[in-house]
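# Structural overview
One letter stands for each residue in the lines below.
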Amino acid sequence: EAEVAQSPRYKITEKSQAVAFWCDPISGHATLYWYRQILGQGPELLVQFQDESVVDDSQLPKDRFSAERLKGVDSTLKIQPAELGDSAMYLCASSLRGRGMNTEAFFGQGTRLTVV
Amino acid sequence: AQTVTQSQPEMSVQEAETVTLSCTYDTSENNYYLFWYKQPPSRQMILVIRQEAYKQQNATENRFSVNFQKAAKSFSLKISDSQLGDTAMYFCAFMKHVFLGGTSYGKLTFGQGTILTVHP
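These remarks concern the structure in this document.

### A look at the overall build of chain A
Counting its secondary structure elements, chain A contains 0 helices and 11 strands. Each helix and strand of chain A, placed in order from N terminus to C terminus, yields the pattern β-β-β-β-β-β-β-β-β-β-β. Taking 116 residues into account, the globule formula puts the C-alpha radius of gyration at 13 Å, and chain A, at 14 Å, falls close to it. Expressed along its principal axes, the backbone C-alpha trace of chain A runs to roughly 40 × 25 × 25 Å. The buried share among the 116 residues of chain A stands at 48%. Considering only contacts in chain A between residues 6 or more positions apart, those separated by 24 or more positions represent 53%. Total accessible area on chain A stands at roughly 5600 Å², and carbon and sulfur atoms take up 49% of it. Once the 12 positive and 15 negative side-chain charges of chain A are each reduced to a mean point, those two points are 2 Å apart.

Okay, structure coming up:
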């Protein structure tokens, strides 16, 4: 069964260091989402790609966060420098292009980031 | 901007009983999609059930059903015959399609979640 792959599963980093997360969506999925989920809260969209283009990054803290999806397939989310408040689960999700049944978003297992 | 509100931070139910989780949303859109996602402890988020706003009939998936009230902007989830494996955090989510530069994409917004515990 096809899955969204994320790595690493867990990451501990010191504040002011750089950290990167990787996501490989389900093959053929045009839409890729990066969400941040603070423990006990709902996911908050950071950035959304349609193929290789960013279509929504309104909630991405652009002074420290960056995201790319160069060939419209896998994606990398980077934080530099990391701050204590960045500790959270980072979720990647993907979906097919289109409407109706294609609207379902499939999620990866997430990367749990702890900044110390 | 769309908002999704889940007013029950935590719920509990006895095994085999029925429980209803509440969700309201705010939008000016007429066509959209609503979802309930389940996130078990330390496991990935999975889709439980989906409703398309233009369909009046409430969606059902085995023990899971929804009560979709479009005028009231309400979308509750009913879990019948609750099982221990239903213990999880449940998220209500709203999706609208945005048109941009000749293409469209779905914008997915989540509520804050409800922690459901099923007791034996």
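### Regarding the side chain of T111 of chain A
For T111 of chain A, the location among the structural elements is in strand β11 (residues 111–115). Engagement of the side chain of T111 of chain A in a polar contact is seen with the backbone oxygen of P8 of chain A, the distance being 2.5 Å.

Rules of the game
Here the residue index of a chain counts from 1 through its sequence in written order. All chains are assigned letters beginning at A, and all ligands numbers beginning at 1, according to the order in which they are written. For a predicted model such as this one, the threshold for reporting local features is a pLDDT of at least 70, and the threshold for listing and counting side-chain atom pairs is 80 or more; totals across whole chains, interfaces and linings nevertheless cover every residue. To get the side-chain values, take all heavy atoms of the structure and skip hydrogens and water. A run of H or I in DSSP counts as a helix once it spans at least four residues, and a run of E counts as a strand once it spans at least two, with each numbered from the N terminus. Restricting the calculation to C-alpha atoms gives the radius of gyration, and the globule rule supplies 2.2 Å times the number of residues raised to the power 0.38. Accessible area is worked out with a 1.4 Å probe on protein chains only. A residue is then buried under 20% of its type maximum, exposed over 50%, and partly exposed in between. Residues count as neighbours in contact if any of their non-hydrogen atoms are within 4.5 Å of one another. In these tables, accessible area is a Shrake-Rupley quantity obtained with a 1.4 Å probe, and a residue counts as shielded only by the protein chains included in the view. His is not counted here, nor are the chain ends, while Lys and Arg score as positive and Asp and Glu score as negative. Lysine's charge is taken at NZ, arginine's at CZ, aspartate's at CG and glutamate's at CD. In protein, a polar contact requires one atom able to donate a hydrogen and another able to accept it; more generally it is a pair of N or O atoms within 3.5 Å, and residues adjacent in sequence count only if both atoms are side-chain atoms.

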